[in-house]
Amino acid sequence: MTKYVISVNHETCIGCGACEQNCDNFKLTDRKSNPIDSEVDEIGCNQEAAEGCPVAAISVEAV
């Protein structure tokens, strides 16, 4: 079964909140995005959050 690892490059993240709007797995903490669950069984809305990030700070990788 494929699992997905969600990560955010905090040096790139501008804290705009687009990820929170696209996916309930993200939360802004100290003006930076963080996944609530960094490893998930289904990609769900995490890919939408990554694609909607204006600075491409979010990555979703299959492991």
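Structure: see above.
These notes cover the structure that comes with them. (Residues numbered from 1 in each chain as written. Predicted model: local features only at pLDDT ≥ 70, side-chain atom pairs only at ≥ 80, totals over all residues. Heavy atoms only, no water.)

**Quick word on the side chain of Asn 46**
Stage number 1. Relative to the elements of secondary structure, Asn 46 occurs in helix α2 (residues 46-52).
Stage number 2. A relative accessible area of 4% means that Asn 46 is categorised as buried.
Stage number 3. In contact with Asn 46, other than residues within four places in its own chain, are Ile 6, Cys 23, Asn 25, Phe 26, Val 40 and Val 60. (Helix = DSSP H or I, 4+ residues; strand = E, 2+ residues; numbered from the N terminus. Buried < 20%, exposed > 50% of the residue type's maximum accessible area, 1.4 Å probe, protein only. Contact = heavy atoms within 4.5 Å.)

**Regarding the environment of Cys 16**
Stage number 1. Relative to the helices and strands, Cys 16 is located in the loop between β1 (4-8) and α1 (18-22).
Stage number 2. In the structure, Cys 16 is positioned 37 residues away from Cys 53 in sequence and 8.5 Å away in space, judged by C-alpha atoms.

**Describing the nonpolar core**
Stage number 1. Counting residues in each nonpolar core, the largest one holds 14 residues, and the members touching the most others are Ile 6, Val 8, Phe 26, Ala 49 and Ile 58.
Stage number 2. Looking at this core, the elements with two or more residues in it are β1, α2 and β5 (58-62).
Stage number 3. Take this core: its biggest share by element is three residues, from β1.
Stage number 4. Those residues within four positions of Ala 49 in sequence are excluded, and the remaining contacts are Cys 19, Asn 22, Cys 23, Phe 26 and Ile 58. (Core = buried A, V, L, I, M, F, W, Y, C linked by side-chain atoms within 4.5 Å.)

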